[in-house]
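The chain contents come next:
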Amino acid sequence: MELIDGKAIAAQIRKEIAEEVQQIKARGGKTPHLAAVLVGHDGGSETYVANKVKMCEEVGFKSTLIRYENNVSEDELLACVDKLNRDADIDGFIVQLPLPKHISEDKVTEAIDYRKDVDGFHPVNVGRMSIGLPCFLSATPSGITELLRRYSIETSGKHCVVLGRSNIVGKPVATLMLQKGYPGDCTVTVCHSRTKNIKEICLQADIIIAALGVPKFLKDDMVKEGAVVIDVGTTRVPSTETKSGFKLTGDVDFENVAPKCSYITPVPGGVGPMTIISLMKNTLLAGKKAIYP
Ligand code: GUN
C-alpha cells in the first residue's frame with residue numbers, strides 16, 4: 001500500500017506556481033489577482049476562504065476578501081458579482097458556497113463572468129469540460145486527476161466507481177475519468193443515495209472516488225484487493241482530541257480499508273491540499289488569459 005501524499009504534491013506545485021509568478025513580475029507582467037466573496041460566518045467556509053487568501057500570499061498573488069453578513073440580499077450579492085465582473089484588475093473570483101437559503105446559488109453562479117469563474121462552476125465551463133474544450137476545471141476534480149497523474153497511476157480501461165453525484169465533485173470527476181486520454185479512459189460508474197447495490201459495484205472497482213459526505217462509509221468488505229482509493233470526504237466530526245473541537249473525517253474507514261489498497265489518500269493531507277492548489281492554478285491561468293484570450 002502506498003500513501004498518496006497530497007500535502008507534499010501540493011507543496012511542490014505551490015513552488016512551481018510561485019516561481020512562475022516571480023518570472024511574470026520580473027518581466028513587468030500583471031500580478032494575478034483573486035477575489036473571494038464570503039457570506040456569513042459558517043466555520044467551514046471561514047476556514048476554506050482564509051486558507052485560499054493565505055495561499056494567494058504564499059504564491060505571490062494579490063487577493064481581495066469581500067464579506068457580507070447572512071442577511072445580505074440576493075440583489076446586493078448580484079451587484080457585487082457584476083462589479084467584480086467589470087473590475088479589470090480582478091482576474092478571477094469565487095463566491096464561497098453554501099449561500100444562505102434566501103439566495104439562489106444557481107443565479108449567483110450564472111451571474112459570474114465565465115472568463116473569471118476560477119471555481120469552474122459556471123455552466124459554460126462545465127459544458128466545455130464535458131466536451132473536452134479548454135476551460136476552468138473545478139478545483140477538487142482537477143486536484144484528484146493531478147494526484148493520479150503525479151503518481152503515474154494507470155487509468156486506461158480501468159473501472160472507476162464514483163460515490164456521490166454532486167455538481168462540484170461527483171459529476172465533474174466522473175466526466176474527467178471518462179475523458180479520452182490520460183488520466184481518463186476509464187469505464188465509469190456513478191453511485192448515489194438511491195443506488196441499490198453499492199457494495200457489489202464497489203467490489204468491481206479498480207479505482208474508487210468517495211465523495212458522498214458520509215464519514216467512514218467505505219469499509220474493507222466493499223473494496224477489491226489492490227484498488228486505488230481516493231477519499232474526498234471532509235466531514236467535521238466533534239472530537240475531544242483536537243484544539244478546534246472537531247476532526248476532519250473522510251468517507252473511507254482508512255485503518256480498515258488501507259491494507260487492501262495499492263494506493264490510498266489520507267484525510268487530512270490527501271485531496272484537500274490539492275483543491276486549493278487547483279484554484280491557484282486556475283487563477284494563474286486567468287491572470288495569463290490562457291484559457292479565454
Ligand atoms: N464550497 C465547498 N467547496 C467549494 C469550492 O470549491 N468553491 C466554492 N466557491 N465554494 C465551495
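Our subject is the structure listed above.
Residues numbered from 1 in each chain as written. Predicted model: local features only at pLDDT ≥ 70, side-chain atom pairs only at ≥ 80, totals over all residues. Heavy atoms only, no water.

**Side note on the overall build of the chain**
Part 1 of the argument: Each helix and strand counted, the chain has ten helices and eleven strands in total.
Part 2 of the argument: On C-alpha atoms alone, the chain measures out to a radius of gyration of 19 Å, which is about the 19 Å that the 2.2 N^0.38 rule sets for 293 residues.
Part 3 of the argument: With respect to the three principal axes, the spread of C-alpha positions in the chain is 55 × 40 × 35 Å.
Part 4 of the argument: Within the span of the chain, comprising 293 residues, buried residues form 47% of the whole.
Part 5 of the argument: Long-range pairs, those at least 24 residues apart, make up 71% of the contacts in the chain between residues at least 6 apart in sequence.
Part 6 of the argument: Side chains of the chain carry 36 positive and 36 negative charges; the gap between the two charge centres is 2 Å. (Helix = DSSP H or I, 4+ residues; strand = E, 2+ residues; numbered from the N terminus. Rg over C-alpha atoms; globule rule 2.2 N^0.38 Å. Buried < 20%, exposed > 50% of the residue type's maximum accessible area, 1.4 Å probe, protein only. Contact = heavy atoms within 4.5 Å. Lys, Arg positive; Asp, Glu negative; His and termini not counted. Charge placed at Lys NZ, Arg CZ, Asp CG, Glu CD.)

**A word on the pattern of salt bridges**
Part 1 of the argument: If you walk through the whole model with that rule in mind, you get 18 salt bridges.
Part 2 of the argument: Close ionic contact of Arg14 with Glu58 constitutes a salt bridge, the shortest N to O distance being 3.1 Å. Of this pair, Arg14 sits in helix α1 (residues 6-26) while Glu58 sits in helix α2 (residues 43-59), and the two are 44 residues apart along the sequence.
Part 3 of the argument: Judged by relative accessible area, which is 37%, Glu58 ranks as partly exposed.
Part 4 of the argument: Of the charged contacts, one joins Arg149 and Glu146 as a salt bridge, the two residues approaching to 2.5 Å between their closest N and O atoms. A residue pair is termed a helical-turn pair when its members lie 3 or 4 positions apart in one helix, as Arg149 and Glu146 do in helix α6 (residues 139-150) at three residues.
Part 5 of the argument: Since its relative accessible area comes to 8%, Glu146 is described here as buried. (Salt bridge = Lys/Arg side-chain N within 4 Å of Asp/Glu carboxyl O.)

**Structural notes on α1**
Part 1 of the argument: The end-to-end C-alpha separation of α1 is 30 Å, in line with the 30 Å expected for 21 residues at 1.5 Å each.
Part 2 of the argument: Of the positions making up α1, those classed as buried are Gly6, Ile9, Ala10, Ile13, Ile17, Val21 and Ile24. The buried residues of α1 occupy one face: seen down the axis, they fall within an arc of 110°. Structural note: α1 exposes Lys15, Gln22 and Ala26 on the side pointing more than 90 degrees away from its buried face.
Part 3 of the argument: The inward-facing, buried residues of α1 abut α2, α6 and α10 (271-287). (Expected span 1.5 Å × (residues − 1). Arc of directions from axis to C-beta.)

**Concerning the nonpolar core**
Part 1 of the argument: Counting 51 residues, the largest nonpolar core has Ile17, Phe61, Ile209, Ile230, Val232 and Met280 as the members making the most contacts within it.
Part 2 of the argument: Per-element tally for this core: the top contributor is α10, with eight residues.
Part 3 of the argument: Ile230 has contacts with Ile4, Ile144, Leu148, Ile208, Ile209, Ala210, Thr265 and Val271, leaving out every residue within four places of it along the chain.
Part 4 of the argument: Among the nonpolar cores identified, the runner-up in size contains 19 residues, and Cys191, Ile198, Met222 and Val252 belong to it. (Core = buried A, V, L, I, M, F, W, Y, C linked by side-chain atoms within 4.5 Å.)

**Remarks on unusual backbone geometry**
Part 1 of the argument: Cis peptide bonds are those with omega within 30 degrees of zero, and the linkage from Tyr182 to Pro183 qualifies with -5°.
Part 2 of the argument: Locating Pro183 in the fold gives a position in the loop between α7 (170-178) and β6 (187-191).
Part 3 of the argument: One non-glycine residue with positive phi stands out, namely Asp185, at about 60°.
Part 4 of the argument: Mapping Asp185 onto the fold places it in the loop between α7 and β6.
Part 5 of the argument: In this model, Lys289 sits at a positive phi of 50°, which is unusual for a non-glycine residue.
Part 6 of the argument: Look at Lys289 and you get partly exposed, because its relative accessible area is 47%.

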